[in-house]
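Descriptive structure summary
One-letter residues, chain by chain:
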Amino acid sequence: MTSALAGGNAVPFVVPLRFLLSGAVALAAFWTALVLRPSAAVGYAAAPDTLALVHVLTLGVGTLVLVGAMHQLVPVLLVTHLYAPGWGLATFLGLGVGSLAVVLGFALGSRPAWLAVGGTVAWLAVTLFVLNVGLTAARVARLDAPAVTLLVATAYLWLTFTLGTLLALARVWPALQAALGYATPVHLSFGLLGAFGLAIAGAGHKLLSMFTLAHGVRLGALWGVLGFTVAGTVLLVVVTWGPAVGFGGGPGALTYAASWGARLAFLFGGACYALDVRRILRARIRRNPDVGVRGFLVGIAGFVPAAAAMLAGRIDVAVTLVLVGVVPLAIAGMLVKISTFLTWQHRYARWVGRSQTGRGTPMLSDMIRPRLGWVTIMGLAAGSLLVALARLLDSEAVAGIAAVLGAVGAWALLAHVAWIVFAEHAPSGAQGTPPAPPVERRQDVRPS
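The residue numbers shown here count from 1 along each chain, following its written sequence. Totals for whole chains, interfaces and linings use every residue, but because this is a predicted model, local features are given only for residues with pLDDT of at least 70 and side-chain atom pairs only at 80 or more, for both listing and counting. Remark: hydrogens and water are excluded; side-chain values derive from all non-hydrogen atoms of the structure.

**Description of the overall build of the protein**
Counting its regular elements, the protein contains 15 helices and zero strands. Summary of the burial criterion: residues with accessible area below 20% of their type's maximum are buried, those above 50% are exposed, and those between are partly exposed, where the area comes from a 1.4 Å probe applied to protein chains only. Within the protein, the proportion of its 448 residues that are buried is 51%. Two residues qualify as a contact provided that any one of their heavy atoms is within 4.5 Å of a heavy atom in the partner residue. In the protein, the share of contacts with a sequence separation of at least 24, taken over all contacts with a separation of at least 6, comes to 82%. Per-residue and other accessible areas were derived by the Shrake-Rupley procedure at a 1.4 Å probe size, with only the shown protein chains allowed to occlude residues. Summing over all exposed atoms, the protein offers an accessible surface of approximately 20,100 Å²; the carbon and sulfur share of this is 69%. Helix numbers and strand numbers start at the N terminus; a helix is a DSSP run of H or I with at least 4 residues, a strand a run of E with at least 2.

The following block contains the structure:
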């Protein structure tokens, strides 16, 4: 798997790179904007400035990094070649332009035209990406649990963008708004748990097993994650649109039961994922994981306080913890690992076993800066927890402190990824070009 991640079926280096770098820039932009406007973290959730920042995270960070990583991971997990690597540029441009239009549309006061056009362009880009993944998967006869989970996450991503675009168009056509109703909970669950959650679970299973050298991990728990997540989102669909078609005779006992059933399904899905991660860590050979893996683990640990907030009835706090904490931290951890593999393969793989201008070939560990990694982990983790606390206490002062800490972590991540991709890496302990080996001098032996 390690060699496969950057091996013969890898896409060109620039295809995932442009997505990954843009996602890191977007995360730094989010926290910097929150420093300038901390009231957005505690204000009305549907306020334009709050929605603008939310979509910086969901579109600019989550979607860009997810789509970029999947251009690389899908052919690896399916053991085949990506159907059309050349479509990556169109996907990137469409997502970038559409996402920027949506964010600006909210930031400028919820401009319906901006939202409708931006949402449509982004939807077309995601549709192209999903078609690329689907045609790639059609080549494969058998799929395992991580691959199926990642493919279902791709489907949820398309559903998220489809529903989001319909909600944007509903601002132009009131009749569509009446038909959709209050679809925001479904939109959020499709994106946060269906697309991002399942992608973290499916890709994370393979990557965490690879990076910790864990072998033979059973896949039953991962199937449970997939099943409970799908069940939870289906129940939310019933809650949202069931009364409109006469389910339960309106918002009565059946829809109330479906609402709680969805919450329990998501909790059981989280429990299955905790079991899956525990099995991987118990089977690992590498006992001391590096800072990238630790960042990923800290990120998914945020599901615990999010679940507690959901059970306490504070859905807004639970969503904040997942959106600001779990997803960015998990992405940050794997972003460091994936960018390291891809950069090493692109720049140094051809020099293995040979001399590169008299210098040895760096190892993967030589390309990571642990201090920057820990600054990222501590900054993003503290920032996300304090943002959730600020929302709980309705405190703009706490939100301001959270924003500063989060910004430090996000800029450290951007600096770290830039170092990995663009710096000149030397082997451990090497200072410039190593000296040439000593030359033995022959001494003249004169006859006596």
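Now that the structure is up, let's keep going.
**Some remarks on the packing of aromatic side chains**
Pairs were defined over the aromatic rings of Phe, Tyr and Trp, the Trp ring being its six-membered one, requiring ring centres within 6.5 Å. Orientation was assigned from the angle between planes: stacked under 30 degrees, edge-to-face over 60, tilted for the rest. Evaluated as defined, the whole model comprises seven aromatic pairs. When the ring of phenylalanine 19 is compared with that of phenylalanine 92, the centres are 5.2 Å apart and the planes differ by 80 degrees; the resulting orientation is edge-to-face. Of the two residues, phenylalanine 19 is situated in helix H2 (residues 14-36) and phenylalanine 92 in helix H4 (residues 87-107); the sequence distance between them amounts to 73 residues. Both residues of the pair, phenylalanine 19 and phenylalanine 92, count as buried. Judged by centre distance (5.8 Å) and plane angle (65 degrees), the rings of tyrosine 83 and tryptophan 87 are edge-to-face. Using a relative accessible area of 40% as the deciding quantity, one classes tyrosine 83 as partly exposed. In this analysis the charged atom, NZ for Lys or CZ for Arg, is taken to sit over a ring once it is within 6 Å of the ring centre and within 35 degrees of the ring normal. The side chain of arginine 263 reaches across the aromatic face of tryptophan 260, ending 4.5 Å from its centre.

**Brief notes about H4**
Under the convention used throughout, the expected extent of a helix is 1.5 Å for every residue step, that is, one less than its residue count. For H4, with 21 residues, the first-to-last C-alpha span of 30 Å sits near the 30 Å given by 1.5 Å per residue. Here H4 has its buried residues at Gly88, Thr91, Phe92, Gly94, Leu95, Gly98, Ser99, Ala101, Val102, Val103, Gly105 and Phe106. Its buried side turned inward, H4 meets H2, helix H3 (48-78), helix H5 (112-137) and helix H6 (145-170).

**Side note on unusual backbone geometry**
With a phi angle near 60 degrees, serine 110 is a residue other than glycine that sits in the positive phi range. On the secondary structure map, serine 110 appears in the loop between H4 and H5. For aspartate 394, which is not glycine, the phi dihedral falls at a positive 55 degrees. With a relative accessible area of 57%, aspartate 394 lands in the exposed category.

**Points about the pattern of salt bridges**
Salt bridge, as applied in this entry: a Lys or Arg side-chain nitrogen positioned within 4 Å of an Asp or Glu carboxyl oxygen. The full count for this structure, using the stated rule, is six salt bridges. With a closest N to O distance of 3.7 Å, lysine 206 and aspartate 144 form a salt bridge. You can see lysine 206 sitting in helix H8 (residues 184-211) and its partner aspartate 144 sitting in the loop between H5 and H6, a full 62 residues away along the chain. Residue lysine 206 is classed as partly exposed on the basis of its relative accessible area, which comes to 26%. Using a relative accessible area of 26% as the deciding quantity, one classes aspartate 144 as partly exposed. Overlapping salt bridges bring together Arg314, Asp316 and Arg391 as one network.

**Here we look at the nonpolar core**
Ranked by internal contacts, the top residues of the largest apolar core, which has 127 residues, are Trp31, Leu34 and Leu95. Among the elements that make up this core, the one with the highest residue count is helix H13 (residues 315-347) (18 residues). Sequence-distant contacts of leucine 95, that is, excluding residues within four places in its chain, are made with Phe19, Thr63, Leu64, Val67, Ala122, Ala125, Val126 and Phe161. Residues belong to a common nonpolar core when they are buried Ala, Val, Leu, Ile, Met, Phe, Trp, Tyr or Cys residues joined through side-chain atoms within 4.5 Å.

**With respect to the packing of H8 against helix H9 (residues 220-241)**
Orientation is described by lines fitted to C-alpha atoms, with helices fitted over the stretch in contact, and by angles between N-to-C directions that extend from 0 to 180 degrees. For the pair H8 and H9, interaxial distance at closest approach is 10 Å and the crossing angle is 175 degrees. By the angle between their axes, H8 is roughly antiparallel relative to H9. Here Pro185, Val186, Ser189, Phe190, Leu193, Gly194, Leu198, Ala201, Gly202 and His205 of H8 come into contact with H9, specifically with Leu222, Val225, Leu226, Thr229, Thr233, Leu236, Val237, Thr240 and Trp241. Its residues assigned to classes, the contact of H8 with H9 shows 12 nonpolar, seven polar and no charged. Orientation categories follow fixed angle ranges, with anything under 35 degrees roughly parallel, anything over 145 roughly antiparallel, 65 to 115 roughly perpendicular, and all other angles oblique. Throughout, the ten residues Ala, Val, Leu, Ile, Met, Phe, Trp, Tyr, Cys and Pro are labelled nonpolar, Asp, Glu, Lys and Arg are labelled charged, and all others, Gly among them, are labelled polar.

**Focus: H13**
The end-to-end C-alpha distance of H13, which contains 33 residues, comes to 46 Å, matching closely the 48 Å that a straight helix rising 1.5 Å per residue would cover. Two axes enter the definition of the bend at a residue: one is fitted to the seven residues ending there, the other to the seven starting there, and the bend is the angle between them. At valine 322, H13 shows its maximal bend, which comes to roughly 30 degrees. For H13, a buried count of 27 out of 33 residues is recorded, marking the element as mostly surrounded by other parts of the structure.

**A word on the environment of alanine 33**
Mapped onto the secondary structure, alanine 33 falls in helix H2. A relative accessible area of 27% means that alanine 33 is categorised as partly exposed. With 23 residues separating them along the chain, alanine 33 and valine 56 place their C-alpha atoms 10.0 Å apart.

**Side note on the environment of valine 15**
With respect to the secondary-structure elements, valine 15 resides in helix H2. Owing to a relative accessible area of 6%, valine 15 belongs among the buried residues under this scheme. The spacing of valine 15 and glutamine 72 is 57 residues in sequence and 8.5 Å in space, taken between C-alpha atoms. Not counting residues within four places of it along the chain, the set of residues in contact with valine 15 comprises His71, Pro85 and Gly88.

**Structural notes on the environment of glycine 94**
Structurally, the position occupied by glycine 94 is in helix H4. For the pair formed by glycine 94 and threonine 120, sequence separation is 26 residues and the distance between their alpha carbons is 9.5 Å. In this structure glycine 94 touches Val121, Ala122 and Ala125, once residues within four positions along its chain are discounted.

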